[in-house]
Structures are given as C-alpha cells and as structure tokens.
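Understanding the architecture of this molecule
Listed below are the residues making up each chain.
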Amino acid sequence: MFAAQRIEIIKDFLIKNKTADISTLTSILNVSDVTVRKDLDKLEKDKFLLKIHGGAVLCETETTETISRINISNHTAKSKIAELALTLIEEDDSIFIGPGSTCFLLSQNIKRLKGISVVTNNVAVSNEVMGSIKRTYLLGGELKDINGIPYTSDAASLESLSKIFVNKAFISIDGIDLKAGITCNTLNKANLINFISNISKTLIVLADNEKFDHIGMYQAASLESISCVVTNRCDLDEYKRTFFEKNIKLLTTFDI
Amino acid sequence: MPSANTIRLQNIFKYYGDHTVLNNINIEFKQGQIYCILGENGAGKSTLAKVIAGIVSIDSGNITIKNKQIHKLSSSLAAKLGIKIACQENFLFENLTVTENILINNEFTFSNSCILNNKRNNKKAREILDSLHININEKKLIRDLSLPECKLIEIARSFYDNPDILILDEPTAPLGITETENIITSIFEAKNRGSCVIYITHMIQEVSQIADQIIIMNSGSIVINKKYSKLDSKDYFLRSMAGEDYLNRYPKTKAQKGRPLLQVKNISSKNGAVKNASFTLQSGEILGLAGLQGAGKSTIAKMLFGLEEAIAGKTLIDGEDINICQPRHGIENGIAYVGDDTLKGIFPSLNLIENIMMMSYNRFLKKGFLDSEAISIEARESMHYFHMNVQDPTIKISKQSIGTIQKSNICRWALLDSKIYLMDDPTKSLDIPSKVEIYNLMNRIAHSDSGILLISSDISELVGMCDRILVMFKGEIIKEFKSGESCSKDILNCSFGNIHNP
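Residues numbered from 1 in each chain as written. Chains lettered and ligands numbered in written order. Predicted model: local features only at pLDDT ≥ 70, side-chain atom pairs only at ≥ 80, totals over all residues. Heavy atoms only, no water.

1. A short note on the interface of chain B and chain A
To keep things clear, this is the line we draw: When checking whether two residues touch, look at their non-hydrogen atoms; a contact exists if any pair is within 4.5 Å. Buried area: the accessible surface (1.4 Å probe) lost by two parts on joining, summed over both. Whenever Lys or Arg places a side-chain nitrogen within 4 Å of a carboxyl oxygen from Asp or Glu, that contact is recorded as a salt bridge.
Across the contact, 30 residues belong to chain B and 26 residues belong to chain A. Of the roughly 2,600 Å² buried where chain B meets chain A, counting both sides, 58% is carbon and sulfur surface. Taken as a group, B:N248, B:R249 and B:Y385 account for 24% of the area that chain B buries against chain A, more than any other trio of residues on that side. The tally of links from chain B across to chain A stands at two salt bridges.

Below, the structure written as structure tokens:
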C-alpha cells in the first residue's frame with residue numbers, strides 16, 4: 001500500500017468516526033506508527049484534521065459542512081473529477097462553470113489559482129468563489145435547482161453570455177453516448193450547453209460513471225464539439241478509441 | 001527485355017493486429033527510374049519494401065511483377081524475378097566470410113556446389129566489391145568487420161548480379177561521406193543499366209541528388225507520389241511526412257513542477273552511441289526524447305539504469321552524485337526502467353499478480369516465509385488503483401492483453417515508490433484504448449511527485465504529452481523544445497540534424 005491509498009483510508013475513517021488514535025490506524029494500515037504520523041502531518045497541513053495526543057480529530061470546516069448539507073450523490077467520484085479538471089485551468093483563464101454538483105466541487109478549488117475570472121449560472125458556484133477570485137459574473141434568470149444546487153435559467157440570460165469571452169467552459173451533463181452525443185434532461189440546460197459550445201474556445205465535459213451510454217431527453221451538443229472529457233470511469237474501450245480518433249482528450253481520474 | 005511496368009501494387013493492405021501498417025497502397029515502379037520513399041519512423045516504408053521483396057506477406061491486394069500477377073510472393077520467388085533488397089537490419093552470417101555472405105543467396109541456391117570459399121567465388125566477390133569501390137578484403141569474416149563495413153557488404157550483396165529491381169532501405173545511415181558518394185554513383189550506374197531502384201531514406205539531401213520520383217508515406221498510406229522537382233520546398237516534404245498535428249487527443253495535464261530529480265551532466269557511453277549529453281528532469285515533468293533510430297535515445301535510458309556503461313560524466317539524483325553501474329543501483333535510487341520490448345520485461349510463465357509484486361517481495365517476508373495473503377491483497381488493491389480490470393489475474397501473464405502487460409510493467413515500479421521513470425516507447429505496440437490508458441497513467445505518475453523521461457519515435461505523442469522535448473542526433477542532444485513552442489514538423493526536421501527551421 002502506498003501513501004495515497006493510506007491517506008484515503010485515514011480520511012474515510014475520520015469522516016466516519018470523527019476521531020482516530022494512532023494505534024488503531026497502525027493496525028488498519030499495517031504500517032509503522034512513524035509512517036502514520038507522517039501521513040497525519042500531511043493531512044494536518046491540508047487542514048483536514050488536527051493532531052492531538054495519541055491521534056487526530058477531524059476538522060469540522062465550513063467545506064465539510066456544506067457538503068453534508070447539499071448531500072451530493074456519487075460524491076467521491078465527482079470530487080476526483082473536479083480535482084483532475086482543476087489541472088486543466090491555468091492562471092489568468094476566463095472560464096465558464098455550468099450548473100450541477102460536479103461543477104460546484106470544481107469551483108471549491110479554483111481559489112488556489114491566480115487571476116481567474118468565472119462566468120456562471122450556478123448560484124452555489126458564485127457563492128463559493130466570490131471575493132476569492134479576480135472576477136465573478138453570475139447570469140440572471142429564474143432560479144431552479146438540481147439536487148439542492150440552485151442555478152439560473154432563462155433564454156434571455158444567454159444573450160448576455162454572447163458579449164462575454166471565455167476560453168474554457170466546464171459543464172456537466174445528464175448523458176453521453178457515442179451516437180447521440182451529449183444530452184440533458186431539461187431543455188434549458190440543453191440550450192445553455194449548445195450556446196456555450198459555440199462561444200467557448202474549449203468545451204470540457206465532466207462526466208461521472210453513471211452518465212455513459214445514457215441518453216437524456218434533449219441533445220445538447222454533438223461529440224465533435226467537445227474538447228475534453230474528464231471521468232472516473234476507466235473501462236470504456238470504445239469511448240477511448242472514438243475520442244482518440246476524433247481528437248478529443250479523455251482524462252481518467254486518479255488520487256492526486 | 002523486362003516490361004516497362006516492372007512492378008504494380010494494387011490495393012495492398014497489411015495489418016499487425018489492430019494496427020494498419022499498409023493502408024490501401026496503389027503504386028507502380030518502372031525500370032530505369034530511381035524512386036525515393038520518405039517518411040517518419042513507423043510510416044510503413046520498410047514494410048512496403050519487404051512486401052515487394054517477398055519477405056513480408058500481404059493481407060489483401062494484388063502484386064503484379066513483369067506483367068505476371070503473383071498470388072503468393074515468397075522471398076525466393078522475388079529473387080528469381082530479379083528483386084534484391086538490402087534491409088535496414090544487416091542479415092549477415094557472422095561466422096562466414098564476405099564472399100560467402102555475398103554469394104550465399106545468389107549462387108548457392110542455384111548451384112550444386114556447397115563450397116563457396118573457392119578461388120572462383122572470391123574473384124566474383126572481389127569484382128562486385130571493386131565495382132562499388134568497397135575496399136574490404138573479401139576473405140575477412142563478418143564478425144571482424146565494423147558496423148559501416150557490414151552495411152557495405154549488405155549493399156554489395158544486393159547489387160550482385162545486377163538485379164532488375166534493387167531495393168535499398170536506408171543504406172547510407174551508418175556510412176561516411178565518401179562511402180555514401182560511392183553508393184550514390186553505383187545507384188546511377190544501376191539505373192543506366194535499366195534497373196529500377198527503390199531507395200528508402202530519411203535524408204532529404206540525398207533525395208535531391210538522385211530521385212526521379214518522390215514518394216512520401218505517412219501512417220501506412222502514400223500521401224505523395226510525384227516526379228521530383230527542384231522547386232519543391234523542403235518544408236512541403238516535411239509537412240507531408242509529419243502529417244497533421246492531432247494534438248488534442250493526448251490527455252495532457254499540467255502537474256506542479258518541483259525539485260530537480262535527475263541531473264545528467266556530460267555523460268558519454270562506452271559504445272559511442274551517446275556523446276556528452278546533459279539534461280535535468282524535474283518532479284512533475286514529462287520530458288520527451290526524440291530522434292531517429294540510432295540517435296542514441298535508448299542508450300541514454302540504459303546508461304541511467306545501469307544497462308550500458310558510461311565512460312564520462314556525472315549523474316545526480318536529488319542533488320547527490322550517484323554511480324550507476326548496474327540495474328541494482330538504479331533501483332535503489334528510485335529509478336524505474338520500462339524498456340522498449342514490452343514482452344521482455346515480464347516473467348511469462350508467472351501470473352499477473354506475481355509479475356506486479358515480483359520486485360516487492362522483500363516487504364512481505366514473515367519469519368522467512370512469504371505472506372501470500374498479504375501479497376494477494378496488496379496486488380489486488382494496486383490493480384484496482386491502476387484501473388487494471390482483468391477477468392482472471394491468476395492465469396499466465398502471457399495470456400493477458402498486451403495493454404495489461406504493459407501496464408503491469410509500469411505498475412511494478414510504482415509499488416517501489418520509484419521517482420524517476422525511464423520509458424522507452426511505452427505505447428509502441430498497443431491498441432488505441434491501451435495507449436489512452438498509459439497516457440493517463442503517465443499523468444498519474446507525474447502528479448505524484450515523480451518525473452518521466454519519455455523516449456518515443458511517435459513525434460505526435462511527444463508533442464502531445466511532454467512538457468519539454470530534447471532532440472538527439474548522432475549521439476548528441478542538439479536542441480530543446482518547450483511545450484507549446486513546437487510542432488511535429490519542426491521536431492522531425494530537427495531530428496534530421498537541422499537546428500534551425502527550414
């Protein structure tokens with residue numbers, strides 16, 4: 001077992017039990033206590049836990065609370081996708097972030113980068129990044145929500161989009177299929193994605209495992225309009241082949 | 001008098017597994033003309049040559065030689081029809097003399113005598129060597145000759161008896177200037193005698209000297225087939241050879257660059273393949289190494305891992321001067337080596353789990369015995385972590401797919417917490433899904449505080465996946481390209497030895 005795996009196990013343990021002592025961790029992980037202490041040091045530096053005598057206690061930060069309030073399905077997969085998508089963003093980028101929980105998770109880490117401007121219709125995203133980045137632009141419209149994450153939706157709001165420049169657009173979708181392309185279950189979302197695919201230089205689709213071979217109600221864009229797909233699913237040989245041949249990047253997640 | 005249409009190839013296809021090596025080839029070769037075939041590594045030039053010479057069979061299509069359609073072309077039939085080839089690899093018998101090697105496929109096949117080394121044959125060999133201005137004693141054994149001398153004998157063998165169709169695959173690569181000039185003169189003489197000469201090369205300079213017709217191949221297809229004109233620009237040829245840059249297909253992510261993991265200063269190899277090379281590899285970086293075959297790329301990796309001897313220079317790992325004389329030193333210092341032969345790195349009769357864990361067994365010693373349960377658990381966890389989804393990991397590894405085998409070649413090093421990965425053409429024989437998986441695996445490695453030296457003959461792959469690319473030429477590193485500053489065409493041009501853009 002190596003470091004990244006041990007860290008995951010410690011994190012899961014702490015989220016479940018709130019506290020952990022070194023002797024329990026050494027027997028679960030089957031490593032020396034020196035190794036466990038080094039892992040705890042790293043997690044303390046990342047502000048995930050607080051070291052106490054003989055063990056550690058979970059840091060109840062705002063982030064952890066927000067997550068449990070929103071109750072995101074397939075959370076582990078989505079957060080890995082968000083972490084990996086973050087590596088595609090460079091300083092001074094102007095990006096669009098779409099509605100949904102995966103996009104929200106992406107926005108949580110954007111503050112780490114400098115000079116980023118975000119255009120979004122995802123209210124949770126705008127709350128998350130506002131003040132910590134160069135510029136935040138929230139599109140207006142009627143409020144709707146997906147799984148507790150509110151977003152604005154209005155044909156008129158798309159008009160204002162046409163005046164703004166973004167070089168990267170991150171969206172999540174309801175379905176991706178080799179023949180049908182990317183699809184959504186609501187007409188509003190489909191229209192939004194269609195519009196974005198035409199104005200953004202690159203379109204990056206965040207798709208967890210459940211979305212593949214799934215066809216939603218409305219077609220949002222063809223496969224050819226996608227630049228990159230970030231997913232946690234690794235067994236899709238036909239998708240790997242098709243994307244490579246169509247010059248589309250396929251990134252599969254790992255623990256960073 | 002042979003017919004004007006000496007060879008015609010129609011709708012030729014050749015596959016190696018998933019890979020289309022020759023893609024619908026349609027071409028004619030006529031007597032008294034010199035055809036130059038150009039293309040990148042892997043374009044299919046050598047395969048095409050071998051198909052004409054009967055060494056490689058085709059999967060579909062028609063071959064017509066001297067107006068006769070040939071249903072199954074073998075190398076002996078090709079020789080009987082007057083087709084001779086000097087391949088890139090030297091097919092010489094080390095323990096025989098020059099005379100015996102020159103005549104063996106020419107005289108022996110058609111004569112009753114088993115003795116080649118007699119006065120008459122030596123005289124014949126001497127004649128052909130003299131006509132090609134080759135100054136080698138015909139009685140010498142091949143094993144006593146240098147590499148350029150062996151190449152000259154290989155060429156002499158193909159010229160013997162003035163074949164109607166002469167195929168030369170990169171004949172002048174190891175030769176010096178005078179020897180190259182002599183070969184070129186001989187080629188003109190062959191043309192004037194009415195032979196059809198098919199000349200495969202990387203060197204655009206040679207093409208301008210001899211070509212009547214220029215053929216450019218890319219990814220198994222013929223993209224250009226035209227009369228050579230001095231007005232054609234070098235840039236035009238380079239672009240046709242390199243093809244379009246489909247770079248977005250490579251799943252490159254940027255990892256944080258950290259400390260210099262590996263610093264190489266002025267190293268040279270004992271076998272002369274690498275001269276005075278220097279570079280640095282940082283953590284988080286994928287550093288590419290480009291160059292023609294024989295430029296020294298593989299030798300650098302072998303030197304860093306202790307498989308080839310270094311005679312000069314310093315290697316620093318994490319700032320410390322380390323002497324690597326054998327692989328054990330490489331392994332102890334966190335260096336991982338994935339060689340260019342996927343199947344050579346495995347234990348074929350053992351299963352996937354055993355192969356992945358082979359280098360980590362010492363961690364599982366319990367009172368002198370191996371804790372097989374713990375080994376099995378860690379192996380399965382690792383396979384899950386590296387997305388190796390196999391139906392049955394307990395069967396012989398040689399029965400697994402080549403993609404899985406290559407992944408296991410990389411994973412076994414990750415279990416040792418290696419930091420410096422030397423990868424030599426890691427995706428060479430893989431199908432597309434496996435290639436994509438290996439690229440994503442490289443990202444994972446780069447993001448875990450490690451660095452990768454990626455040696456590849458696929459220039460697009462280098463441009464797509466690397467942060468920086470070093471180009472080697474004749475043993476030296478001649479230029480460095482940064483990601484975003486380079487395209488395939490420029491790197492290809494540089495690999496021919498040209499530091500400045502055309």
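2. As for the packing of aromatic side chains
Defined as follows: We call Phe, Tyr and Trp rings a pair once their centres come within 6.5 Å, taking the six-membered ring for Trp, and we label the pair stacked below 30 degrees between planes, edge-to-face above 60, and tilted otherwise. Each helix corresponds to a stretch of at least 4 residues labelled H or I by DSSP, and each strand to a stretch of at least 2 residues labelled E; elements are numbered beginning at the N terminus. Residue burial is assigned from relative accessible area. The probe radius is 1.4 Å, only protein chains are included, and a residue is buried under 20% of its type maximum, exposed over 50%, and partly exposed in between.
One pass over the structure, following the stated rule, counts nine aromatic pairs over all chains. Where A:F244 meets B:Y250, the ring centres are 5.7 Å apart and the plane angle is 90°; that geometry is what we call edge-to-face. Of the two residues, A:F244 sits in helix α10 (residues 237–245) while B:Y250 sits in the loop between α8 (234–242) and β11 (260–269), which places them in two different chains. Like A:F244, the residue B:Y250 is buried in the burial classification. Summarising the aromatic geometry, the rings of B:F29 and B:Y35 are spaced 4.9 Å apart at their centres and angled 80° between planes, so their arrangement reads as edge-to-face. For the pair B:F29 and B:Y35, a shared accessibility class is recorded, and that class is buried. One aromatic cluster in this structure is built from A:F212, A:Y239 and A:F243.

3. What about helix α4 (residues 119–131) of chain B?
Residues and elements named next belong to chain B. The following threshold applies: Here the expected length of a helix is defined as 1.5 Å per residue gap, with one fewer gap than residues. What the arc covers is the set of directions going from the helix axis to the C-beta atoms.
Between the first and last C-alpha of α4 there are 18 Å, a value that for 13 residues agrees with the 18 Å anticipated at 1.5 Å per step. Where α4 is concerned, the buried positions are N121, N122, A125, I128 and L129. Projected onto a plane normal to the axis of α4, the buried residues spread over an arc of 125° and lie on a single side. Residues of α4 that are exposed and angled more than 90 degrees away from the buried face: K119, R120 and K123. Elements that come into contact with the buried residues of α4 comprise α3 (98–103) and α5 (147–159). Positive backbone phi, at 60°, marks H133, one or two positions downstream of α4.

4. As for the domain arrangement of chain B
A common way to report how large an interface is uses the accessible area buried once the components associate. To be explicit about the condition: Start and end points for every domain follow an automatic or database-based domain assignment.
Taken domain by domain, chain B consists of domain 1 (7–242), domain 2 (247–334 + 419–430 + 449–502) and domain 3 (343–418). Centre-to-centre, using C-alpha coordinates, domain 1 of chain B lies 44 Å away from domain 3 of chain B.

5. Considering the pairing of strand β8 (residues 196–200) of chain B
All names here are of chain B. Here is the rule: What makes two strands pair is DSSP finding at least two bridges between them.
Burial of β8 is extensive: five of the five residues sit out of reach of the surface. Of the two faces of β8, the one carrying C196, I198 and I200 and the one carrying V197 and Y199 are both buried. In this sheet, β8 lies alongside strand β3 (residues 34–39) in parallel orientation, the contact comprising four bridges. If you follow I34 over to β8, its bridge partner there is V197.

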